Amino acid sequence: MDTVLFIIFAVVAIVCAFNLVLQKHPISSALSLIGVMGSLAVLYLLLGAEFIAMAQMIVYGGAVMVLFVFVIMLLNAGSEKASSKSWFAQLAGLPLLCAFVAVLGFFVRAAMPVLRGVRFGTWVGGTAERIGQVLFTQYLLPFEVISILILIAILGAVVLARKEID
Amino acid sequence: MLPPVPLSWYLVLSVILFALGVAGFLYRKSVITVFMSIELMLNAVNLSFVSFSYELKRVDGHIYSFFVMVVAAAEAAVGLAIILTVFKNRGTLQIDEVDSMKL
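Residues numbered from 1 in each chain as written. Chains lettered and ligands numbered in written order. Predicted model: local features only at pLDDT ≥ 70, side-chain atom pairs only at ≥ 80, totals over all residues. Heavy atoms only, no water.

Asker: So, the interface of chain A and chain B: which residues are in play, and what are the values?
Answerer: Tallying the contact residues gives 80 residues for chain A and 74 residues for chain B. Both faces considered, chain A and chain B share a buried interface measuring about 7,200 Å² in area, 77% of it formed by carbon and sulfur atoms. Applying the counting rule to chain A against chain B returns zero salt bridges. The tally of links between chain A and chain B comes to eight residue pairs in polar contact (both at pLDDT 80 or more). Taken together, the elements giving at least two residues each to the side of chain A that touches chain B come down to helix 1 (2-22), helix 2 (26-46), helix 3 (50-75), helix 4 (87-111), strand 1 (117-118), helix 5 (128-137) and helix 6 (140-161) of chain A. (Contact = heavy atoms within 4.5 Å. Buried area = accessible area lost by both parts, 1.4 Å probe. Salt bridge = Lys/Arg side-chain N within 4 Å of Asp/Glu carboxyl O. Polar contact = N/O pair within 3.5 Å; in protein donor to acceptor, adjacent residues only side chain to side chain. Helix = DSSP H or I, 4+ residues; strand = E, 2+ residues; numbered from the N terminus.)

Okay, structure coming up:
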């Protein structure tokens, strides 16, 4: 069952990611990205990360993608114009990408031959309770720092997007 | 009973998604799509964090991927505000038309 679910959602994620790169219109890319995020949330559940799966759906699939779609609608972004690409990119882009994947995949397989298999339900450490305990004891300072970061980001977004008042 | 999924499959999936994100980042010309490719790369890294967390049976990887999510949300807010400003000033979303800092 794990294998079947993993294969289904991994294939969905990869197809959606390909679609993101290949589509010409930003809104199609945005919807594909939502597909990637949803299938990744299921994979997180398979890995026993309940809290992260929910946060993935709410923060990524919800908030961030609403922001993207909102900006696409607001700017009325059409299909992008094809522009001249360098001969090097046209010729070597795809082979270099495949080589990148092959090298990284080889190192992943070679460096970690003794990894355990993943079976759903054997480890459910990622509950909200456990995450909360660790987050508010061991990682309290990073948590506070990141809350300041997000406050600064909100202020920055407001300052950047405001209307100039003379 | 099927055998369990090897953890390296998750890592290879993460590699593939990251590579597709890099490809989109380099290949696409619309600012918004380039930005979405960055989000795709962050998601791929999150997947590998959670996989390692499962392997080590520790919850730290989940915390890191939670922080990555927060940073991605902050980045999306600021980045989209920058895109709005660029569009207001120049009326275009093509990255190769925004080249005033090019030598």
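Asker: Go over the layout of surface pockets with me, naming the residues and quoting the values.
Answerer: Taken as a whole, the largest pocket holds about 610 Å³ of empty space. Within the residue set of the lining of the largest pocket, elements represented by two or more residues are helix 1 and helix 4 of chain A together with helix 1 (7-27) of chain B. The element that contributes the greatest number of residues to the lining of the largest pocket is helix 4 of chain A, accounting for nine residues. When its residues are assigned to classes, the lining of the largest pocket shows 15 nonpolar, three polar and two charged. Taken together, 13 residues form the lining of the second largest pocket, with A:G78, A:S79, B:T92, B:L93 and B:Q94 sitting closest to its centre. (1 Å grid on protein atoms, 1.4 Å probe; cavity = no way out; pocket = protein on both sides within 12 Å on 5 of 7 lines; lining within 4 Å. Points joined across faces, edges and corners; volume = space filled by probe spheres on them. Nonpolar A, V, L, I, M, F, W, Y, C, P; charged D, E, K, R; others polar.)

Asker: Give a detailed account of the pattern of salt bridges, specifying residues and quantitative values.
Answerer: Note that side chains of opposite charge can pair when their charged atoms are close. Residues and elements named next belong to chain B. According to the stated counting rule, one finds one salt bridge over all chains in the structure shown. As a salt-bridge pair, D60 and R58 come within 3.2 Å of each other at their nearest N and O atoms. Relative accessible area serves as the criterion here: at 13%, D60 is assigned to the buried category. (Buried < 20%, exposed > 50% of the residue type's maximum accessible area, 1.4 Å probe, protein only.)

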